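Coordinate analysis (summary)
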Amino acid sequence: RLPLPAEIYEPLRGNSMGVEFGDRAALAALLAEIEAARGRSEARPESSAAKPSRPVVSPIDGAAIGEVIECDDVAARDAMASAARAFAGWNATPVETRARILERAADLLEARRGVFLALLQSEAGKTLDDALAEVREAADMCRYYANQARLVCREARLPGPTGEDNRLRYEGRGVFVCISPWNFPLAIFLGQVVAALVTGNAAVAKPAEQTPLIAARAVALLHEAGVPRAALRLAPGAGDVGAALVDDPHTAGVVFTGSVEVAQQINRALAAREGALAPLIAETGGVNAMIVDSTALIEQVVDDVLASAFRSAGQRCSALRLLCLQHDIAPAAIETLIGAAKELRIGDPRMLGVHVGPVIDAAAKEKLDRYVARARAEGRLLYAGEAPSAGTFVAPAIIRLDRAADLREEVFGPVLHITTWRAGAFEALVEEIQAGGYGLTFGLETRIGERIEEAARRAPAGNIYVNRNMIGAIVGSQPFGGFGLSGTGPKAGGPDYLRRFVRETTVTINT
Ligand code: NAD
């Protein structure tokens, strides 16, 4: 039989797009689709930019998989001006038409899944099951926001005194600047853009510099689905392009996902602008913890920890960074965990059976390697696997900490920290975690009912997971996003998200 790609990880519910990995014929057909879709891609701004093209290379083996021309100042300004001109027409398009375009985009995405799966693997280094989950999520975002827009963007009649007609209307704000990270280069990129568009805004999309090719394909797909070309413009480039778009006088709002440092820079830049005030929707990182008490089932804990910490090579904002084990079960739990971590296969994510692919680029690898080397030198390294020497691979590592408070930075890769706590110290531990200021995901493994309810009420995170892994939030079921240093809300994939993208007008008519 063909090896299963995710033997250790429990497949994410509803995320396999109908492909059962145990079904050889369906899997072979899918692999053939992906193979046929491989090839070179390109990304460029619509108007010509004076910058030379640069190759985009795969994190798997450094092979050139396409090229990008990045925006210069002129191209960035042109994208904003074009979107600003298109805004009024698009905003006046009935919401039903805009919603149907999103639904068509979801259908197209599924029909062309081979192209997107191939790029998610070659450009972002994803395993097949991660890539499938991401295409699934992107299509879910389109369909969910289409339906939400039908609910949100309609005029409401409000009660009032006799002789007065009161109405509340929702429409687009203008041009939304959408700035996204490389770790979900399709689902987050598309989620931001379609939320802005379906509520009547025009959008200028600035993908991460590491993943412009998937973004260019996604923009082309939305144009094909019916979004007017001028209402959605792609602005490839690095952080300077993002900064120029934020500063542009046409910017009516910014939706950003990425690091907390950049979110803070954008916040300052928006505050310093002249003219109209523009809102910022920011989703950032986390130092995510899981607390395990001595009543938890060790086998389940190990399964959940491996998936949460090492799946996607730890490059998820939701990933588990700090595992807090109750003291009496810690030795057995750590031994079982290390035993299971040794079974993880690290390598080319296009190979079925590989669990951990590369990290995104050489800079990320260097930073992570230095971090793990320092832990080793300090005698805190409990385990490190072996990574292939070519490509930008980092093997899963497990590091011991004395206290939860020793981890205050987001280490964005397959690095898990472990600390222990003694009976009676649960509340103090939660407070120690909370004091770090982040609030994205939080895990709890216990069989004590009261503790579950207490954590559900008070745990310091936007997404709380009990007795399961902490990743793979499902659109519409697990709205995703944090607070504090982790973001502004509202939650992506949730019922309140679109409301932050709209302008509200109250009309009162004396009848
Ligand atoms: P990053 O902050 O370095 O970059 C994100 C985007 O911002 C990129 O497109 C980048 O070019 C752009 N940018 C950089 N400087 C800018 C500036 N001054 N002005 C405007 N734009 C600028 O983040 P990354 O390395 O691409 O992504 C990883 C980070 O994203 C992690 O911190 C992760 O936790 C976070 N993340 C959060 C979520 C969430 O939903 N909360 C989801 C995925 C990733």
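Here we summarise the structure given alongside this text. Treat the numbers as computed from the prediction; the structure is a model and nothing was measured. (Residues numbered from 1 in each chain as written. Predicted model: local features only at pLDDT ≥ 70, side-chain atom pairs only at ≥ 80, totals over all residues. Heavy atoms only, no water.)

Thoughts on the overall build of the protein chain
- Within the protein chain, the secondary structure is distributed over 14 helices and 18 strands.
- Summarising its shape, the C-alpha atoms of the protein chain cover approximately 75 × 60 × 45 Å along the three principal directions.
- Taken across its 511 residues, the protein chain has 58% of its residues classed as buried.
- The long-range fraction of contacts in the protein chain, counting pairs at least 24 apart against all pairs at least 6 apart in sequence, stands at 75%.
- Of the accessible surface of the protein chain, which amounts to about 20500 Å², a share of 51% is contributed by carbon and sulfur atoms.
- Computed over 55 positive and 62 negative side-chain charges, the separation of the two mean positions in the protein chain equals 3 Å. (Helix = DSSP H or I, 4+ residues; strand = E, 2+ residues; numbered from the N terminus. Buried < 20%, exposed > 50% of the residue type's maximum accessible area, 1.4 Å probe, protein only. Contact = heavy atoms within 4.5 Å. Areas by Shrake-Rupley, 256 points an atom, 1.4 Å probe, with all protein chains shown as cover. Lys, Arg positive; Asp, Glu negative; His and termini not counted. Charge placed at Lys NZ, Arg CZ, Asp CG, Glu CD.)

As for the pattern of salt bridges
- All chains considered together, the criterion is met by 34 salt bridges.
- Two residues, Glu 224 and Arg 112, come together in a salt bridge whose shortest N-O distance is 2.7 Å. Of this pair, Glu 224 sits in helix α7 (residues 212–225) while Arg 112 is found in the loop between α3 (95–111) and α4 (113–124), placing the two residues 112 residues apart along the sequence.
- With relative accessibility at 32%, the residue Arg 112 sits in the partly exposed group.
- Between Glu 134 and Lys 126 there is a salt bridge; the shortest N-O distance is 2.8 Å.
- Residue classification places Glu 134 among the buried positions, given a relative accessible area of 1%.
- What you see here is one network of salt bridges that share partners, running through Asp 107, Glu 110, Arg 136, Asp 140 and Arg 143. (Salt bridge = Lys/Arg side-chain N within 4 Å of Asp/Glu carboxyl O.)

Quick notes on the sheet that holds strand β10 (residues 280–283)
- Sheet architecture is open: five strands sit in the order β8-β7-β6-β9-β10, paired in parallel fashion. The strands lining the two open edges of the sheet, one partner per strand, are β8 (232–234) and β10. The average angle at which neighbouring strand axes cross in this sheet is 15 degrees, direction not considered.
- In the sheet, strand β9 (residues 251–257) pairs with β10 via four bridges, with the strands oriented parallel. Across the sheet, the residue bridging to Thr 257 is Glu 283, located in β10. (Pairing = 2+ DSSP bridges. Axes fitted to C-alpha atoms, helices over the stretch in contact; angles between N-to-C directions.)

Describing the packing of aromatic side chains
- For the coordinates displayed, the defined rule picks out six aromatic pairs.
- When the ring of Phe 176 is compared with that of Phe 501, the centres are 4.8 Å apart and the planes differ by 40 degrees; the resulting orientation is tilted. Of the two residues, Phe 176 is situated in strand β6 (residues 175–179) and Phe 501 in the loop between β17 (463–466) and β18 (502–510); the sequence distance between them amounts to 325 residues. Each of the two residues, Phe 176 as well as Phe 501, counts as buried.
- Members of the aromatic cluster, connected to one another through ring pairs, are Tyr 144, Tyr 145, Phe 176, Tyr 497 and Phe 501. (Phe/Tyr/Trp six-rings, centres within 6.5 Å; stacked < 30°, edge-to-face > 60°.)

Some thoughts on the packing of helix α6 (residues 187–198) against α7
- Contact geometry of α6 with α7 gives a least axis separation of 10 Å together with a crossing angle of 30 degrees. By the angle between their directions, the pair α6 and α7 is classed as roughly parallel. Viewed along their axes, α6 and α7 form a crossing whose handedness is right-handed. For the pair α6 and α7, the contacting residues are Phe 189, Leu 190, Val 193, Val 194 and Leu 197 in the first and Ala 215, Ala 218, Val 219 and Leu 222 in the second.
- The residue inventory of the contact of α6 with α7, partitioned by class, reads nine nonpolar, no polar and no charged. (Parallel < 35°, antiparallel > 145°, perpendicular 65-115°, else oblique. Left-handed = near helix turned anticlockwise from the far one by under 90°. Nonpolar A, V, L, I, M, F, W, Y, C, P; charged D, E, K, R; others polar.)

A word on the environment of Leu 128
- Residue placement: Leu 128 occurs in helix α5 (residues 128–152).
- Along the chain, Leu 128 and Leu 31 lie 97 residues apart, while their C-alpha atoms are 9.3 Å from each other.

A look at the site of the ligand
- As a matter of local geometry, the ligand sits amid 29 residues, with Lys 206, Glu 209, Ser 259, Thr 284 and Glu 410 nearest to it.
- One of the side-chain N or O atoms of Gln 265 is found 2.9 Å from a nitrogen atom in the ligand.
- Between the ligand and Glu 283 there is a distance of 3.1 Å, counted from an oxygen atom to a side-chain nitrogen or oxygen.
- For the ligand, the accessible surface in isolation is 860 Å², of which the surrounding protein chains cover 88%. (Near = heavy atom within 4 Å. Polar contact = N/O pair within 3.5 Å; in protein donor to acceptor, adjacent residues only side chain to side chain.)

Quick look at the nonpolar core
- If you look at the biggest cluster of nonpolar residues, it comprises 75 residues, and the most contacted ones within it are Leu 109, Tyr 145, Leu 186, Leu 222, Leu 232 and Tyr 497.
- The element best represented in this core is α5, accounting for 13 residues.
- Phe 310, Leu 320, Leu 381 and Leu 444 belong to the second-largest nonpolar core, a separate cluster that totals 72 residues. (Core = buried A, V, L, I, M, F, W, Y, C linked by side-chain atoms within 4.5 Å.)

Overview of the environment of Leu 416
- Among the secondary structure elements, Leu 416 is positioned in strand β15 (residues 415–421).
- Leaving out residues up to four positions away in the same chain, Leu 416 has contacts with Val 305, Ala 309, Phe 310, Leu 320, Arg 321, Leu 322, Leu 323, Leu 337, Ala 397, Ile 398 and Ile 399.

Some details on helix α8 (residues 239–247)
- Residues of α8 that are buried include every one of Val 241, Gly 242, Leu 245 and Val 246, and no others. Projection of α8 onto a plane perpendicular to its axis shows the buried side chains occupying an angular sector of 140 degrees, all on one side.
- Residues of α8 that are buried make contact with α2 (73–92), β6, β7 (202–206), β9 and α9 (260–272). (Arc of directions from axis to C-beta.)

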